[in-house]
Amino acid sequence: MAGRRAMRPAASTGGGMRGLAAAARSSPALSFLLAAAAAAALVGGAYFWVVVASFRLPEPGALGCRPDGEGSWAIGVFYGSSPFHLRPIELEGKSSANGSAWPVANPVLTCASATDAGYPSNFVADPFLYLQGDTLFLFFETKTTSSMHGDIGVARSFDQGATWEFLGIALDEAWHLSYPFVFKYENEIYMMPEGNKKKELRLYRATKFPLEWTLEKVLINKPLIDASLVQYEDNWWLFASDFTRYGTEKNAELEIWYSSSPLGPWKEHRQNPIYKADKSLGARNGGRLFMFEGSLYRPGQDCSGTYGRKIKLYKVEKLSKEEYKEVPVELGIEEPKKGRNAWNGMRYHHLDAQQLESGRWIAVMDGDRVPSGDSTRRSISGYLGFLLAIVLVTFVGFVKGAINCYIPPSFWAAPARRNELSRILPVYRFNQKVRRYSTSLGRYITATKARLNEKTWSNKLFFCVIALLGTVNVCIAVHFLLGGNGTEEAYTHQGQRSQFTMVTMTYEARLWNLKMFVEHYSRCESVREIVVVWNKGNPPGSDAFDSTVPVRIRVEELNSLNNRFRVDPLIKTRAVLELDDDIMMTCSDVEKGFKVWREHPERMVGFYPRMIDGDPPQYRNERYARGKKGYNLILTGAAFMDSEFAFRRYWSEEAREGRDYVHKNFNCEDLLMNFMYANASSGAGGRTVEYVHPAWAIDTSKLSSVAISRDTQKHYDVRTKCLAKFSSIYGPLPQKWEFGRREDGWDK
């Protein structure tokens, strides 16, 4: 009985579908609408598969790090000899304690740091440091996903900021908290967070640092924003903003208060408000004020264009109870160049710089890869795209008769009885005019429909343009609603980011290709430097490229494929991506490969698998490997490897005979590297290579005649001979590893 009941809905559904199909055959209108819906779904699906799915999308089940109208703020660390010469952590060559990054790269703290620790967060911002010997404590705003307002989180570092442990929530109130200004006074540790929704500036004291705090007192009964304290000469000074002042533009106001103690009482400065004009001037505080060489400096926010666009730094030239004067100075931090692909590429609005016991300076800064309100704009753009597509489909359906709209003339008739009095009423005269105009409009629409239904070339072209516009709008909608925020973001491993060096080999005839290569890949977030191995011809200057990272031209004396793996002491990262200059793929695919390599740095991780078998072994393409359902070789024309291990291994005495063979045949350097890895395998189970499937990859060498592999069969014959030679010297390659063994599916 249960089986029979279970089958009934299916039969009913089948009948319904058959009925719908029959109705579509008998009704041109329904047939048109079904065809239009199917076409829209096909176009949207194709665009998603080819374009949108190529980029990294947020995890649908993640509790934190969701799209947020306030942004996707994260926190980075900087070091320098002074607060005016600060460099990001990745340029310091710091390695993490857990060995997951070489070097550690910014951002060092993100929403994922809090979320993974059990405190789901959409972003972290407004960082303040508290130094306790060699231990660093970092206090910051974290936007919780449960209440969608800010709490104050805290993290700790024992290695000068390379790694951070999220400790928990230090302060949680019923209202929004941010800007946790932490300081020490008379052996007590205090926190003065922003809580302007409460309309009070509150001071908290640590009862059990760093996670337990109690309200000490209310300093000022005003909704002050981003309040910072500093002791200067004989007084304590409080800088803050009050946007509730009449006529004040948001983010364009600054006030100063003074007292003999940070506990108050506080008095207003005579010149208040100091600023009340332009939000690009840095009126709103952007972090802790600091002293350097006897002068006081104040960070402020330039909020022109978007909230928190960048930090401006001001030198305070006069500060007294009667006067205040400051002048802008250079911040000394290099502007990010990678746009949305950089963690702070669109804005950075908070800086806390402090001097360490060693005399060096450390600073924390927040940054965002999207402007304020980005997720809202993307949603509006996506829905508008779908709406315009629906309007265009409706228009075509109306013209073709699939959709009709008829308003009877009686609709506009006056409700009153027709008599002499009703005829002179304004309502009656208005209805008469509307009826005449609607009748004329109806005739015009009928004539237009008839004209557009004529089978002329101009009409066919018109409907082709309409179809193109509809397709574009569907793609726009899919892109903005499903495509994320447009960034190709780096992946973390063990909660950290790192960087790699990209190495490519080329010569003069391929310069046009190289310029396109550098312009594209320099925008990838984890790329630190691009090294061009120049084998032949006159080398270009580094300034010949449109690049966001340094480009180094390494000119070789001898034209040899062995140069690709030459030991290069100037490479500052452990990871290198060897990538042929004729391969173009998305930055997201490159970042996937980098993440997989960081999980297994003893392996080569690449994007082109091969299966080498037979006696003697034969070289075949990827289709053969797919047929065999496995691979045992990765082409190094697109592969990550440990530069120190791989390059030294390739130039060892053991590899000399193989290198000579590569140079003689001008081929097979990638095969030799695979044999070197196989002979020195120390990985679990002897595994030496791992495959990552790119969403798409384009071989631009097909557009020219300069590729050494343009004659495919001849190229494969040479490589088959190389396999026989290398096998006789170094032994066989390992057995195959199957596709699709990763949980994330990146190796399918």
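Per chain, residue numbering runs from 1 following the sequence as it is written. Given that this is a predicted model, residues contribute local features only at a pLDDT of at least 70 and side-chain atom pairs are listed and counted only at 80 or more, while totals for whole chains, interfaces and linings are drawn from all residues. For side-chain calculations, the full set of non-hydrogen atoms in the structure is used, while hydrogens and water are omitted.

For the chain, the name recorded in an unreviewed UniProt entry is Glucosamine inositolphosphorylceramide transferase 1, with Triticum aestivum as its organism. As recorded by UniProt, the Cofactor (unreviewed entry) comment attached to the chain reads in full: "Mn(2+)". UniProt positions are given in the numbering used here, feature names are shortened, and annotations may be inferred rather than shown by experiment.

Side note on the overall build of the chain
A count of helical and extended segments in the chain gives 14 helices and 36 strands. The criterion used for residue contact is that any of the two residues' heavy atoms lie within 4.5 Å. A sequence separation of at least 24 residues applies to 63% of the contacts in the chain between residues at least 6 apart. If you sum the accessible surface of the chain, you get close to 35,500 Å²; carbon and sulfur atoms cover 55% of it. We count a stretch as a helix when DSSP gives it H or I for four or more residues in a row; a strand needs E for two or more, and each element gets its number in order from the N terminus. Under the convention used here, a 1.4 Å probe and the Shrake-Rupley method define accessible areas, while residue burial counts only the protein chains that appear.

Re the state of the cysteines
Counting rule for disulfides: a pair of cysteine sulfur atoms within 2.5 Å. Going through the model one piece at a time under the given rule, you end up with three disulfides. Each sulfur of the disulfide joining Cys-65 and Cys-111 lies 2.0 Å from the other. The sign of the 120° torsion about the S-S bond sets the Cys-65-Cys-111 disulfide as right-handed. Of the two residues, Cys-65 is situated in the loop between α2 (28–50) and β1 (74–80) and Cys-111 in helix α3 (residues 111–116); the sequence distance between them amounts to 46 residues. Relative accessibility thresholds used throughout: buried, under 20% of the residue-type maximum; exposed, over 50%; partly exposed, between the two (1.4 Å probe, protein chains only). Under the relative-accessibility criterion, Cys-111 is labelled buried at 13%. Sequential numbering of the bridged cysteines in the chain gives the disulfide pattern 1-2, 3-4, 5-6.

Considerations on unusual backbone geometry
Each neighbour pair has its own omega, and for Asn-106 with Pro-107 the value is 0°, a cis peptide bond. By the element assignment, Pro-107 lies in the loop between β3 (104–105) and α3. Geometrically, the link from Gly-264 to Pro-265 is a cis peptide bond, its omega value of 0° lying close to zero. Here Pro-265 shows up in the loop between β14 (253–259) and β15 (267–268). We note that Asn-251 has phi near 70°; this positive angle belongs to a residue other than glycine.

Topic: the confidence of the model for the chain
Note on scores: pLDDT gives the predictor's confidence for each residue, bounded by 0 and 100. Per-chain confidence: the chain averages 87 in pLDDT, with 87% of residues scoring 70 or above. This model gives residues 1–21 a pLDDT under 50, and the stretch forms one contact once residues within four places in sequence are excluded.

Comments concerning helix α13 (residues 669–679)
Among the 11 residues of α13, 10 are classified as buried, and the element is accordingly described as predominantly covered. Listing the buried residues of α13 in full gives Glu-669, Asp-670, Leu-671, Leu-672, Met-673, Asn-674, Phe-675, Met-676, Tyr-677 and Ala-678.

Here's the deal with empty space enclosed by the protein
Where empty space is left becomes clear once a probe the size of a water molecule has been rolled over the atoms. Detection works on a 1 Å grid of protein atoms alone, calling trapped sets that fit a 1.4 Å probe cavities and calling open sets with protein on both sides within 12 Å along at least five of seven lines pockets, with lining residues defined by an atom within 4 Å of a point. Grid points are joined across faces, edges and corners, and a volume is the space filled by probe spheres set on the points. Summed over the entire model, instances satisfying the criterion amount to one cavity of 30 Å³ or more. Surrounding the largest cavity, Trp-175, Leu-177, Pro-193, Gly-195, Glu-200, Arg-202 and Tyr-204 form its lining. Residues are grouped as follows: Ala, Val, Leu, Ile, Met, Phe, Trp, Tyr, Cys and Pro are nonpolar; Asp, Glu, Lys and Arg are charged; every other residue, Gly included, is polar. Among the residues forming the lining of the largest cavity, the class breakdown is four nonpolar, one polar and two charged.

Structural notes on the environment of Phe-183
Of note, Phe-183 is situated in strand β8 (residues 178–185). For Phe-183, a relative accessible area of 7% corresponds to the buried category. For the pair Phe-183 and Tyr-130, spaced 53 residues apart in sequence, the C-alpha separation works out to 7.3 Å.

So, the nonpolar core
Phe-500, Met-502, Tyr-521, Phe-640, Met-641 and Phe-726 are the most contacted members of the largest nonpolar core, which totals 78 residues. Per element, the largest residue contribution to this core is seven residues, and it comes from α13. Ignoring sequence-local partners within four residues, the contact set of Met-641 consists of Phe-565, Arg-574, Ala-575, Val-576, Glu-578, Trp-597, Met-604, Thr-636, Ala-646, Phe-647, Met-673 and Tyr-677. Formed by 21 residues, the second largest nonpolar core is a distinct cluster that contains Val-77, Leu-109, Ala-114 and Ala-162. Grouping buried Ala, Val, Leu, Ile, Met, Phe, Trp, Tyr and Cys residues that are joined through side-chain atoms within 4.5 Å yields what is termed a nonpolar core.

Details of the sheet that holds strand β7 (residues 165–171)
The pairing criterion for strands is at least two bridges between them, as found by DSSP. If you walk across this open sheet you meet the four strands as β4-β5-β6-β7, and the pairing is antiparallel. Looking at which strands have only one partner, the edges of the open sheet turn out to be β4 (121–132) and β7. For this sheet the average axis-to-axis angle between neighbouring strands, irrespective of direction, equals 30°. Note that strand β6 (residues 150–157) and β7 share five bridges and pair antiparallel. Note on definitions: angles span 0 to 180 degrees between N-to-C directions of axes, and those axes are lines fitted to C-alpha atoms, for helices only across the stretch in contact.

As for helix α8 (residues 511–521)
For the α-helix, the turn length of 3.6 residues means that residues three or four positions removed from each other point alike. Residues of α8 that are buried include every one of Asn-513, Leu-514, Phe-517, Val-518 and Tyr-521, and no others. Seen along its axis, α8 keeps its buried residues to an arc of 130°; they face one direction. For α8, the secondary structure elements touched by its buried residues are β24 (500–506), β25 (527–534), β26 (551–555), β27 (575–579), β28 (583–585) and α9 (587–599). The arc in question is the one spanned by the directions pointing from the helix axis to the C-beta atoms.

Observations regarding the pairing of strand β9 (residues 188–194)
For β9, the tally of buried residues reaches six of seven residues, placing the bulk of the element in the interior. Alignment of β8 against β9, held across six bridges, turns out to be antiparallel. Residue pairing across strands places Lys-184 opposite Ile-189, the latter belonging to β9. Once β8 ends, the chain turns through two residues before running back antiparallel as β9, passing Glu-186 with a positive phi of about 50°. Linking β9 to strand β10 (residues 201–208), which pair antiparallel, is a turn of six residues; within it Lys-199 sits at a positive phi near 65°.

Things to note about the sheet that holds β25
Spatially, seven strands are ordered β26-β25-β24-β27-β33-β29-β34 in an open sheet, and the strand pairing comes out mixed. Looking at the sheet topology across the chains shown, the edges are occupied by β26 and β34 (689–691). The average angle at which neighbouring strand axes cross in this sheet is 25°, direction not considered. Relative to strand β33 (residues 638–642), strand β29 (residues 604–606) runs antiparallel, the two being bridged by two bridges. Each bridged residue has a counterpart across the sheet, and for Gly-606 the counterpart in β33 is Ala-639.

Remarks on the packing of helix α11 (residues 643–650) against α13
Packing of α11 against α13 leaves a shortest axis separation of 10 Å and a crossing angle of 105°. As judged from the angle between their axes, α11 and α13 are roughly perpendicular. Between α11, through Phe-645, Ala-646, Arg-649 and Tyr-650, and α13, the contact on the second element is made entirely by Glu-669, Leu-672, Met-673, Met-676, Tyr-677 and Asn-679. Looking at the contact of α11 with α13, its residues break down into seven nonpolar, one polar and two charged. In what follows, roughly perpendicular refers to angles from 65 to 115 degrees, roughly parallel to angles under 35, roughly antiparallel to angles over 145, and oblique to any angle outside these ranges.

Comments concerning the packing of aromatic side chains
Two aromatic rings from Phe, Tyr or Trp, using only the six-membered ring of Trp, form a pair when their centres are within 6.5 Å; if the ring planes differ by under 30 degrees the pair is stacked, by over 60 it is edge-to-face, and anything between is tilted. If you walk through the whole model with that rule in mind, you get 41 aromatic pairs. Considering the side-chain rings of Tyr-130 and Phe-209, the 5.2 Å spacing of their centres and the 55° angle between planes classify their relative orientation as tilted. Note that Tyr-130 is positioned in strand β4 and Phe-209 in the loop between β10 and β11 (212–220), a separation of 79 residues in sequence. For Tyr-130, a relative accessible area of 9% gives the class buried. Geometrically, the ring pair formed by Tyr-650 and Trp-651 is edge-to-face, given 6.3 Å between the ring centres and 65° between the ring planes. Judged by its relative accessible area of 28%, Trp-651 falls in the partly exposed class. The rings of Phe-128, Tyr-179, Phe-181, Phe-183, Tyr-185, Tyr-190 and Trp-236 are connected pair by pair, giving a single aromatic cluster. A ring has a charge above it when a Lys NZ or an Arg CZ is no more than 6 Å from the ring centre and no more than 35 degrees off the ring normal. In this structure, Arg-620 packs its charged tip against the face of Tyr-624, placed 4.1 Å from the ring centre. In this structure, Arg-719 packs its charged tip against the face of Tyr-619, placed 4.6 Å from the ring centre.

Here's the deal with the side chain of Thr-506
The residue Thr-506 is located in strand β24 in this model. Other than its neighbours up to four places away in sequence, Thr-506 contacts Leu-514, Val-532, Val-533, Trp-534, Asn-535, Lys-536 and Asp-581.

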